[in-house]
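Residue strings, one per chain:
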Amino acid sequence: MATGMLHTHYLCVILFTLIYLVKTILLLSDRHELLESFRRKTKVPEMIVSFGFLATGIYLMTQLPAIPAMLIVKIALVVLSIPLAVVGFKKKNKVLASFSFFLIIVSFGLAQKVRQAKAGGAVAAVSGKEIFEDKCSLCHGDNGKLGLNGAKDLSVTKLDHKGIADIIAQGKNGMASYKDVLTTAQIEAVTSYIESDLKGK
Ligand code: HEC
């Protein structure tokens, strides 16, 4: 369910950004008639896509164990860019329209960062708990029970130490491999944390 939602969310965001991009280019290049006809033709699809992107976004947010600060900034940027875009396109104000598009792109970049911070990128964290909360809780939840994106409930895992460490290193189905993200010592630390703090709790 959550995976489907995430994919629908990405799809809506991409379609939304594409429609937006075309409109911004048309406005910037003074093709007003083309812009008007494009606006008319994409009105309904744009409404569907924006609704889809908001609805799936809100659903996904309710699935997160905690809302990262970066996500709040991202949402604020998206929310701010919408009235700017409406006014910008209506008044054919190039500066407003481009600024609004710029905000959408920045929030896109932030979304990427939220994900990297949660699921990839180099980690400086040393304690198993910190690594877990940084990289794993997005899907598994702080207590291991969340199950987002089809993640297994870690509190009931039957795997032994090596089994857990192997899944972290190799990944499995919906879970990426962490062998290029975490060092062996970090995988060890997070494995021990799962065993001592989450398993059987
Ligand atoms: C993108 C979501 C996601 C992230 C992030 C993630 N996992 Fe998973 N994890 C999964 C999924 C999905 C499975 C189930 C894989 C399967 O068996 O099909 C899983 C399974 C596991 C299992 C096996 C549990 C069992 O009993 O079979 C362990 C252990 C585990 N994850 C640990 C971690 C650790 C540690 C991290 C952080 C370094 C992490 N996961 C990050 C999605 C994720």
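Note that the coordinates shown come from a computational prediction; the quantities given were computed from them, not determined experimentally. (Residues numbered from 1 in each chain as written. Predicted model: local features only at pLDDT ≥ 70, side-chain atom pairs only at ≥ 80, totals over all residues. Heavy atoms only, no water.)

Provide a residue-level description of a nonpolar patch on the surface, including the pertinent values.
On the surface, a nonpolar cluster with roughly 670 Å² of combined accessible area is contributed by Leu 11, Ile 14, Leu 15, Leu 18, Leu 21, Ile 25, Ile 105 and Phe 108. When residues of the nonpolar patch are traced back to their parent elements, those giving at least two are α1 (2-28) and α4 (94-119). The greatest single-element share of the nonpolar patch, amounting to six residues, is contributed by α1. Structurally, the position occupied by Leu 15 is in helix α1. Its relative accessible area of 37% is what places Leu 15 among the partly exposed residues. (Patch = residues over 30% accessible without salt bridge, like charges linked within 9 Å, V, L, I, M, F, W, Y side chains within 5 Å. Areas by Shrake-Rupley, 256 points an atom, 1.4 Å probe, with all protein chains shown as cover. Salt bridge = Lys/Arg side-chain N within 4 Å of Asp/Glu carboxyl O. Helix = DSSP H or I, 4+ residues; strand = E, 2+ residues; numbered from the N terminus. Buried < 20%, exposed > 50% of the residue type's maximum accessible area, 1.4 Å probe, protein only.)

Summarise the site of the ligand; cite the residues concerned and give the values.
Close contacts around the ligand come from 21 residues, with Cys 136, Cys 139, His 140, Thr 157 and Met 175 the closest. Lys 152 has a polar side-chain atom sitting 2.9 Å from an oxygen atom of the ligand. Residue assignment for the shell around the ligand shows that the elements contributing at least two residues are α5 (128-140) and α6 (161-170). With four residues, the single largest contributor to the shell around the ligand is α5. The class makeup of the residues in the shell around the ligand is 12 nonpolar, six polar and three charged. (Near = heavy atom within 4 Å. Polar contact = N/O pair within 3.5 Å; in protein donor to acceptor, adjacent residues only side chain to side chain. Nonpolar A, V, L, I, M, F, W, Y, C, P; charged D, E, K, R; others polar.)

Everything listed here is a matter of geometry and, on its own, says nothing about what the molecule does.
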